[in-house]
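# Structural characterization, general
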Amino acid sequence: AKYNLAEYYTNAPGIVGGSTDKAMILASEIKNMDLKKGYRAFIDIYRKKKNYKMLEETLLERGTEFPTNNTFKSSFIDFYLSYFDEIENCNEKALRIAEDIKSQNSIHGNRAFIKICSVVENYDLALKEFNELKLVDSVDIASGRTIATMLLEHGKEDEALKAFGHEQVIKNWSNHVR
């Protein structure tokens, strides 16, 4: 119930009781009762208020509380890629996280690199990571589609075909991308 009230305070206009200060107080109370929900409340507040510095700090703090959660680390990469206009050195930070994930689990690390490379349009590194991934997981359709789409967007249909290997699928995507 407190989480929902904090969400209300965060989103409602002041004239009907909305207040960032009230939301922050409730988020602190929630965090004292349930660490994960408390972090989520703070993250929601900072995201809604576009306070990217505090959002990043809260995510980093949460990451130290749950350091081995690769799903969380992957979501942190998504965070950096979503806000790289607002936060300094996002690409480098995202790449460091991907390297950390890759050191623990190559498949998730390769996928993280591919995601980053597709956003920053570094298709050479994306292809390298995809080829490494294919050695481990030859049927990773999602990563293959990401790579193929990125290559097609850069007019590299032959490389997309070589990377993904399904000629008809590439032709369909090629028509869709153009």
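Residue positions are counted from 1 within each chain, in the order its sequence is given. Given that this is a predicted model, residues contribute local features only at a pLDDT of at least 70 and side-chain atom pairs are listed and counted only at 80 or more, while totals for whole chains, interfaces and linings are drawn from all residues. The side-chain quantities take in all heavy atoms of the structure and omit both hydrogens and water.

### As for the overall build of the chain
To be explicit about the condition: The numbering of helices and of strands both runs from the N terminus, where a helix is a DSSP run of H or I of at least 4 residues and a strand a run of E of at least 2. Relative accessibility thresholds used throughout: buried, under 20% of the residue-type maximum; exposed, over 50%; partly exposed, between the two (1.4 Å probe, protein chains only). Any two residues whose heavy atoms approach within 4.5 Å are treated as being in contact. Method for areas: the Shrake-Rupley scheme with a 1.4 Å probe, in which residue coverage is limited to the protein chains shown.
Tallying secondary structure elements over the chain gives eleven helices and zero strands in all. Counting from the amino terminus, the chain carries its helices and strands in the arrangement α-α-α-α-α-α-α-α-α-α-α. Counting every position in the chain, which comprises 178 residues, the buried fraction comes to 39%. For the chain, long-range pairs separated by at least 24 residues make up 42% of all intrachain contacts whose partners lie at least 6 apart in sequence. With the model as given, the accessible surface of the chain reaches about 10300 Å², and the carbon-plus-sulfur share is 50%.

### Description of the pattern of salt bridges
Selection rule: Salt bridges are defined as contacts in which a side-chain nitrogen from Lys or Arg sits within 4 Å of a carboxyl oxygen from Asp or Glu.
All told, the structure shown has four salt bridges when counted by the stated rule. Glu29 is the partner of Lys2 in a salt bridge, and the nearest nitrogen-oxygen pair spans 2.7 Å. Note that Lys2 is positioned in helix α1 (residues 2-11) and Glu29 in helix α2 (residues 20-33), a separation of 27 residues in sequence. Judged by relative accessible area, which is 33%, Lys2 ranks as partly exposed. Residue classification places Glu29 among the partly exposed residues on the basis of a relative accessible area of 31%. Between Glu57 and Lys53 there is a salt bridge, and its shortest N-O distance comes to 2.7 Å. Separated by four residues within a single helix, Glu57 and Lys53 lie in helix α4 (residues 52-65), roughly one turn from each other. With relative accessibility at 58%, the residue Lys53 sits in the exposed group.

### Looking at the environment of Lys49
If you trace the backbone, Lys49 turns up in the loop between α3 (35-48) and α4. Overall, the relative accessible area of 39% leaves Lys49 in the partly exposed class. Along the chain, Lys49 and Asn11 lie 38 residues apart, while their C-alpha atoms are 9.1 Å from each other. Setting aside chain neighbours within four positions, we find Lys49 in contact with Thr10 and Thr20.

### Regarding helix α6 (residues 90-104)
Filter applied, for reference: An expected span of 1.5 Å times one less than the residue number is assigned to each helix. The directions from the helix axis to the C-beta atoms form the arc being described.
Compared with the 21 Å implied by 1.5 Å per residue over 15 residues, the 22 Å span of α6 between its first and last C-alpha is a close match. Looking only at α6, the buried set comprises Cys90, Lys93, Ala94, Ile97, Ala98 and Ile101. Down the axis of α6, the buried side of the element spans an arc of 140 degrees, and every buried residue falls inside it. In α6, the exposed positions that point more than 90 degrees away from the buried face belong to Arg96 and Ser103.

### Quick word on α3
Counted only if it meets this: Polar contacts, as used here, are pairs of N or O atoms within 3.5 Å; protein pairs need one atom able to donate a hydrogen and one able to accept it. Residues neighboring in sequence count only if both atoms are side-chain atoms.
Taking 1.5 Å of rise per residue, the 14 residues of α3 would be expected to cover 20 Å, and the 20 Å separating its terminal C-alpha atoms lies within 8% of that figure. Along α3, the residues that are buried comprise Gly38, Tyr39, Ala41, Phe42, Ile43, Ile45 and Tyr46. The N-cap residue of α3 is Asp34: its side-chain oxygen and the backbone nitrogen of Lys36 are 3.2 Å apart. Of the residues trailing α3, Lys50 is marked for its positive phi of about 60 degrees.

### Quick look at the packing of α2 against α3
Put simply, the test is: Simply put, an axis is a line fit to the C-alpha atoms, just over the touching stretch for a helix, and the angle between two N-to-C directions goes from 0 to 180 degrees. Angular relationships are summarised with four words: roughly parallel below 35 degrees, roughly antiparallel beyond 145, roughly perpendicular across 65 to 115, and oblique for the angles in between. With the far helix as reference, a near helix turned anticlockwise by less than a right angle produces a left-handed crossing, and one turned clockwise produces a right-handed crossing. Amino acids outside the nonpolar list (Ala, Val, Leu, Ile, Met, Phe, Trp, Tyr, Cys, Pro) and the charged list (Asp, Glu, Lys, Arg) are all regarded as polar, and Gly is one of them.
Put simply, α2 and α3 touch, their axes get as near as 6 Å, and they point 160 degrees apart. What the angle tells us is that α2 and α3 run roughly antiparallel. Handedness of the α2/α3 crossing: left-handed. Only Leu35, Lys37, Gly38, Tyr39, Ala41, Phe42, Ile45 and Tyr46 of α3 make contact with α2, whose side of the interface consists of Thr20, Ala23, Met24, Ala27, Ser28, Ile30, Lys31 and Met33. Its residues placed into classes, the contact of α2 with α3 shows eleven nonpolar, three polar and two charged.

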